[in-house]
Amino acid sequence: MSNSDLTSIFLALLLLVGLAQLLGYVFVKLRQPKVVGEIFAGIVLGPALLGRIPAVAKLMQASQHDGNILTFVYWLGLLLLMFLSGAETRQLFTRDERREVGWLTIVGTGLPFLLGLVFGSRLLRPSLSGPNGNRVSLIIVLAVGVAVTSVPVVSKIFADLKILHTRFARLVLGVAVLEDIVLWLALAIATAVAGKAALDPRAMTYHLITTIAFFGLGLTIVPRLVKRINKSRFNVLAQHSPVAYAIAVLLAYCVIAGALGVSLVFAAFLAGFAVVHKKRRLFADALDAIGKVSFAFFIPVYFAIVGLKLDLARDFSLWMLVAFVVGTCTVKVLSVSLAGRLAGFRGLDLMNLAITTNARGGPGIVLASVAFDAGIISATFYTTLVLAAVLTSQAAGAWLDYVLRKGWPLLTPTAAAGAEASVEVTTKAA
């Protein structure tokens, strides 16, 4: 590349990361999720606003072409986000409140997903399909879009509100972790069968078996092997450069997944899942260092480019957005409310659980990105999925902030929870 080409790329990156961080800060001050401001940065620089200026439009068009540096940064940001999400998943997951988590996962997530699969064929329209979309892949994407809950955004909201230590946070994150693993598998299957108008049974069977085997091994046996390698005295790289080793694990997973035809997004998630120890975090400092750089640059640029891809002037459909948001939110909220009642919750507890687990956030945006890049969905449906993820995340953050300011409990205290709180207070006093 020439010096002028590199200068244009660096200027585009400067605008994307600078505006993403600035608007992310503004949205945090407005008690909104930071990710919303980062996406809005891309919208501001996109064709709907500043992109109408010829000089800005020419500069930002670089991010829309394959093989460009901005495209590489976009994918690296996405892979790092999934890698760090996988690491946080292993850290945040707990076995407490198994019964409640079980009901909320099976009914609160399973029911919307099954309804999406059953009725998805009746809701399919030509306007939803991308160049590689088929009935199977579109129905799966629609079902995942109804059921998904955001681990990164929800955990960030909890951290900002200082409620990450509460029983409410444990329940919601436990549910989100379990459902995300299943839904990522479903999305991996959708990408495996995409682009085949007439599905070849042999090829489809191969992709399904490969994807399921990759996920199954990545959640069970492979993490144990990685743990042994992590702690091996012969692992010179891990001992002398833990950051390089953690990144090497990520790249190794991606290489193997690419060779098998499995989406790299899910490989990155499983890589993060494998690096973290079950009881205590291995390479905690390395992951912290990777996280600081990723959340300072690569991940904000990823979300900004997500917003940059949104052409609200051309690809926005108000009726599709309203129908999708109202329909999916109704199904999700009612399903979680039913699950909550079966788990023993009542009143305000049900509303808090339903609104919070309805936040699509990062996974909703990743769903849109992966499905759009695979050619499964149209630009209009992509815009709808991203905006739905933003709106539901805003609603969850605003509602929890309102409940806390009113002094209302997130969950009605139980005898066990009261005893746990007493132990915490006694421990702190001691």
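The structure we're discussing is the one just above.
Residues numbered from 1 in each chain as written. Predicted model: local features only at pLDDT ≥ 70, side-chain atom pairs only at ≥ 80, totals over all residues. Heavy atoms only, no water.

1. Examining the nonpolar core
Thought 1: Ranked by internal contacts, the top residues of the largest apolar core, which has 102 residues, are Ile39, Phe83, Val141, Tyr253, Tyr302, Ile377 and Phe381.
Thought 2: If you tally residues by element for this core, the top one is helix H15 (residues 284–308), at twelve residues.
Thought 3: Among all residues touching isoleucine 377, those that are not within four sequence positions of it are Leu128, Ser129, Gly130, Leu138, Val141, Ala368, Ala371, Phe372, Tyr382 and Leu385.
Thought 4: In this structure, Ala169, Val175, Ala343 and Leu353 belong to the second largest nonpolar core, which totals 27 residues. (Core = buried A, V, L, I, M, F, W, Y, C linked by side-chain atoms within 4.5 Å. Buried < 20%, exposed > 50% of the residue type's maximum accessible area, 1.4 Å probe, protein only. Helix = DSSP H or I, 4+ residues; strand = E, 2+ residues; numbered from the N terminus. Contact = heavy atoms within 4.5 Å.)

2. A look at helix H13 (residues 242–260)
Thought 1: Helix length check: H13 (19 residues) gives 27 Å between terminal C-alpha atoms against 27 Å at 1.5 Å per residue, within 8%.
Thought 2: Considered for burial, the residues of H13 that qualify are Tyr245, Ala246, Val249, Leu250, Tyr253, Cys254 and Ala257.
Thought 3: Of the residues flanking the end of H13, it is glycine 261, one or two places downstream, whose phi is positive at about 80°. (Expected span 1.5 Å × (residues − 1).)

3. Remarks on the packing of helix H16 (residues 318–343) against helix H17 (residues 348–357)
Thought 1: Running from amino to carboxyl end, H16 crosses H17 at an angle of 135°, the nearest separation of the two axes being 9 Å. One finds that H16 runs oblique with respect to H17. The element H16 and its partner H17 pack so that their crossing is right-handed. Facing Lys332, Val333, Val336, Ser337, Gly340 and Arg341 of H16, the residues of H17 in contact are Leu350, Leu353, Ala354 and Thr357.
Thought 2: Considering only residue class, the contact of H16 with H17 consists of five nonpolar, three polar and two charged. (Axes fitted to C-alpha atoms, helices over the stretch in contact; angles between N-to-C directions. Parallel < 35°, antiparallel > 145°, perpendicular 65-115°, else oblique. Left-handed = near helix turned anticlockwise from the far one by under 90°. Nonpolar A, V, L, I, M, F, W, Y, C, P; charged D, E, K, R; others polar.)

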